[in-house]
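# A closer look at the structure
Read off the chains here:
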Amino acid sequence: MEQAVGLYRTAASCFGSVGAHRGGRLVLSLFFKAVLGIERIFHFDSLRDEGLALLTGGRRTLSRSTLGARVRAVSSRAVGQFVRLTQPGVASVQRLHVSIDEHAVARFTRKFLIPKGFHTIRNKKMRVEKLFFSFDTGLRTLLNLVVTPGDARLATVASKMLAALRARYRHTPLRVVLDAGAAQSHRELLQLVDQNPNQVVLARTPRRTAYLKRWKALPEELFTSYEEPGRYKGAPAKRIHVAQTTTTLRADKHSRARQVRTLVAREEGRRGKHRWHALFVFRDNATEALTLIQEFRARQHHEQTYRVLLHDAFVDAAPSGYSKHSSNPDKPGFRQSALMLYSWLAGLAVNALCHFTASLPQQFHRAHPRTLRRWWLHFPAELYLSDKALFVVLHPRWFRDWWQQHLEHLNAKNLRLPWLDDRLVLYSLEAPPSQSGEPSSDPSAST
């Protein structure tokens, strides 16, 4: 709730063009839409929950037409300012490990000729719009967002995002991890490296036939064998063979050649067929090969967060960036405000849910949003609104002792809701089941 209050106040200062309170309600509606798992904006027409209405800043929830109109009414400059002001901070760490990758949002339109891009899930080139999130692989937190038409390239966008990250976290060294999309063009990859000096870059090498032939031709004595844990608990160990070599890269045929440290990994297959991977390593010739491979593998948490954004925060339902009212369907243009605001609030919701799990019992640490909704968010409550306070009486089904302890901390913060005339929020629990005569269903009570 503290984060929601902060988002409301930031939106009120940024979205003055639609009105401070209206801008705040817009942000609260989109934020809690992602937190609570409301799939589409048009579902707001059928919502009659008074608790959700109070959460989103009014006595009734916004209608789909009002919400859709407001999300398109805010300017791109105001949305950019809102995103900058709400970017999560990073505690002082020795170094920041950042992954930058793209997520393609499919656009099924025949009327408007918007740029095409490669959609990895559908495995084809189609009309898309792209979301580029930067991600802290250590804290598993989304840091920033850039939205583009479908023809944007990962290396080009990543270079701009890194400049913004360096300005924001200027006292923290950055190490950057990029997927193979950044290495499709050697010119773009080398340009990214040159524009970001004194920065370690790990980029996965594309699986091209020419590369694979070179890797298979490496002498066996160059490979060092390692054993890693199997696919599941008790499974036999997995063997991986790693070799270090160099690859000659040129920006173009007239540029000087550069020798780039390359790590080649060969994983033994279960049925005899090996799987090959390789990494380009820039500005790190000291770190052990296996350590660098494990550092790169941490970007899998970024991929997992994209899956959560897609299936739990419904980011693919974002409003389009192209104008559906354009008088020229061949060149409809691109306006990023609605797409960026919707996607960024979905990312902040995923961040909030991930951080919420840190305070939960161990079995819910880093649980998925749908699990959190079943166990911790979707249960009845009573609301009492007075002139000075909002009283919330919770009826949790499980883990009553946890709720009792944490509600005391929440009440001690004296949190006030600016969209409810600065009323104080006070939480309490219903009477214990033993007093109400109902049997207890708390799984923690049976352990």
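Use the structure listed above.
The paragraphs below set out a description of the structure included in this document. (Residues numbered from 1 in each chain as written. Predicted model: local features only at pLDDT ≥ 70, side-chain atom pairs only at ≥ 80, totals over all residues. Heavy atoms only, no water.)

### Examining the layout of surface pockets
Using the following cut-off: Think of a 1 Å grid over just the protein atoms. A cavity is a set of points where a 1.4 Å probe fits yet cannot get out, a pocket is an open set with protein on both sides within 12 Å along at least five of seven lines, and lining residues have an atom within 4 Å of a point. Grid points are joined across faces, edges and corners, and a volume is the space filled by probe spheres set on the points. Going along the chain from the N terminus, every DSSP run of H or I of four or more residues is numbered as a helix, and every run of E of two or more is numbered as a strand. For this classification, the nonpolar set comprises Ala, Val, Leu, Ile, Met, Phe, Trp, Tyr, Cys and Pro, the charged set comprises Asp, Glu, Lys and Arg, and every other residue, Gly included, is treated as polar.
Of the voids in this model, the largest pocket is the one considered here, and its volume is about 1,500 Å³. In terms of residue count, helix α13 (residues 400-412) provides more of the lining of the largest pocket than any other element does, six residues in total. Each residue belonging to the lining of the largest pocket can be placed in one class, and the counts come to 30 nonpolar, seven polar and three charged. If you add up the space inside the second largest pocket, you get close to 840 Å³. If you go around the second largest pocket, you meet 29 residues; those closest to its centre are Asp101, Glu102, Phe118, Thr120 and Asp179. Residue assignment for the lining of the second largest pocket shows that the elements contributing at least two residues are β1 (96-106), β2 (116-119), β3 (124-136) and α10 (300-311). If one sorts the elements of the lining of the second largest pocket by residue count, α10 sits on top with five residues. Taken together, the residues of the lining of the second largest pocket break down into nine nonpolar, eight polar and twelve charged.

### So, the nonpolar core
Generally speaking, soluble globular proteins have nonpolar side chains that are buried together. Threshold: Among the buried residues, those of types Ala, Val, Leu, Ile, Met, Phe, Trp, Tyr and Cys that are joined through side-chain atoms within 4.5 Å form a nonpolar core. Under the scheme applied here, a residue whose accessible area is under 20% of the maximum for its type counts as buried, over 50% as exposed, and between as partly exposed, the area being computed with a 1.4 Å probe on protein chains only.
Among the nonpolar cores identified, the biggest contains 75 residues, and Phe15, Leu30, Phe31, Phe82, Leu309 and Leu341 are the most heavily contacted of them. Of all the elements, helix α11 (residues 337-356) adds the most residues to this core, at 13 residues. Grouped together as the second largest cluster of nonpolar side chains are 37 residues, Val98, Ile100, Ala155 and Tyr211 included.

### Focus on the sheet that holds strand β12 (residues 389-394)
Definition in use: For two strands to pair, DSSP has to find at least two bridges joining them. For this analysis, residues touch if any pair of their heavy atoms sits within 4.5 Å. Orientation is described by lines fitted to C-alpha atoms, with helices fitted over the stretch in contact, and by angles between N-to-C directions that extend from 0 to 180 degrees.
If you trace the four strands from one edge of the open sheet to the other, you get β11-β12-β14-β13, paired in mixed fashion. The outermost strands of the open sheet, each flanked by one partner alone, are β11 (381-385) and β13 (416-417). Note that β11 and β12 share five bridges and pair antiparallel. Looking across to β12, one finds that Tyr384 is bridged to Phe391. Running at roughly 160° to strand β14 (residues 423-429), α13 makes contact with β12 and β14 of the sheet.

### A look at the packing of aromatic side chains
Rule in force here: Pairs were defined over the aromatic rings of Phe, Tyr and Trp, the Trp ring being its six-membered one, requiring ring centres within 6.5 Å. Orientation was assigned from the angle between planes: stacked under 30 degrees, edge-to-face over 60, tilted for the rest. Charges are assigned to positions over rings by a cutoff of 6 Å between ring centre and Lys NZ or Arg CZ, combined with an angular limit of 35 degrees from the ring normal.
Under the definition given, this model contains 19 aromatic pairs. Plain terms: the ring middles of Trp376 and Trp402 are 4.8 Å apart, the flat faces sit at 65° to each other, and that makes the pair edge-to-face. Placement of the pair is Trp376 in helix α12 (residues 369-377) and Trp402 in helix α13, with a sequence separation of 26 residues. There is no split in this pair, since Trp376 and Trp402 are both buried. Ring pairs connect the aromatic residues Phe356, Phe364, Trp375, Trp376, Phe379, Trp398, Phe399, Trp402 and Trp403, which therefore count as one cluster. If you follow Arg266 out to its NZ or CZ, it ends over the ring of Phe223, 4.7 Å from the centre.

### Re empty space enclosed by the protein
Counting across every chain of the model gives two cavities of 30 Å³ or more. In this structure, the largest cavity occupies an estimated 40 Å³ of space. Residue lining of the largest cavity: Arg374, Trp375, His378, Phe379, Pro396, Arg397, Trp398 and Trp403, and that is the complete set. Of the residues in the lining of the largest cavity, the class split is five nonpolar, one polar and two charged. Quantified by volume, the second largest cavity comes out at close to 30 Å³. Leu30, Lys33, Ala34, Ala313, Tyr342, Leu345 and Ala346 are the residues that line the second largest cavity. Listing elements by their share of the lining of the second largest cavity, those giving two or more residues are α2 (20-36) and α11. Here the lining of the second largest cavity is composed, by residue class, of six nonpolar, no polar and one charged.

### Quick word on the side chain of Lys33
To keep it simple, the criterion reads: Neither His nor the chain ends contribute to the count of charged residues, in which Lys and Arg are positive and Asp and Glu negative. Salt bridge criterion: a side-chain nitrogen from Lys or Arg within 4 Å of a carboxyl oxygen from Asp or Glu.
Here Lys33 shows up in helix α2. Buried charge without a partner: Lys33 forms no salt bridge, and the closest opposite charge is Glu39, 8.5 Å away. Here Lys33 is in contact with Ile38, Glu39, Arg40, Ile41, Phe44, Ala313, Phe314 and Tyr342, once residues within four sequence places are set aside.

### So, the pairing of strand β4 (residues 141-149)
Sheet faces and side chains relate simply in a regular strand, where the side chains alternate between the two faces. Of all nine residues in β4, seven are buried; the element is thus mostly enclosed. In this structure, β3 lies alongside β4, joined through eight bridges in antiparallel fashion. The partner of Asp136 across the bridge, within β4, is Thr141. Counted along the chain from β3 to the antiparallel partner β4, the turn is four residues long, and its residue Arg140 has a positive phi close to 55°.

### What about α13?
Let me state the cut-off plainly: Helix span, expected: 1.5 Å multiplied by one less than the number of residues in the helix. This arc describes the spread of directions from the helix axis toward the C-beta atoms.
Given a rise of 1.5 Å per residue, 13 residues ought to cover 18 Å, and the 19 Å separating the end C-alpha atoms of α13 matches this to within 8%. Turning to α13, its buried residues number three or more, namely Arg400, Trp402, Trp403 and Leu407. Axial view of α13: buried residues confined to an arc of 140°, hence all on one face. Exposed residues lying more than 90 degrees from the buried face of α13 are Asp401, Glu408 and Ala412. Looking one or two residues beyond α13, the residue adopting positive phi is Asn414, at roughly 50°.

### Here we look at the packing of α2 against α11
Selection rule: These descriptions rest on fixed angle ranges, namely under 35 degrees for roughly parallel, over 145 for roughly antiparallel, 65 to 115 for roughly perpendicular, and the rest for oblique. Helix crossings get a hand from a simple test, with the near helix turned counterclockwise from the far one by less than a right angle marking a left-handed crossing and a clockwise turn marking a right-handed one.
Contact pair α2 / α11: the axes reach a minimum separation of 8 Å and the direction vectors enclose 50°. Our classification of the angle between α2 and α11 gives oblique. Between α2 and α11 lies a crossing of right-handed hand. Contacts between α2 and α11 involve Leu26, Val27, Leu30, Phe31, Lys33, Ala34 and Val35 from the first element and Leu341, Tyr342, Leu345, Ala346, Leu348, Ala349, Ala352 and Leu353 from the second. The class makeup of the residues in the contact of α2 with α11 is 14 nonpolar, no polar and one charged.

### Examining helix α1 (residues 2-14)
When the terminal C-alpha atoms of α1 are compared, their 19 Å separation across 13 residues agrees well with the 18 Å that a helix rising 1.5 Å per residue should span. Where α1 is buried, its residues touch α2, α5 (76-85), α11 and β13.

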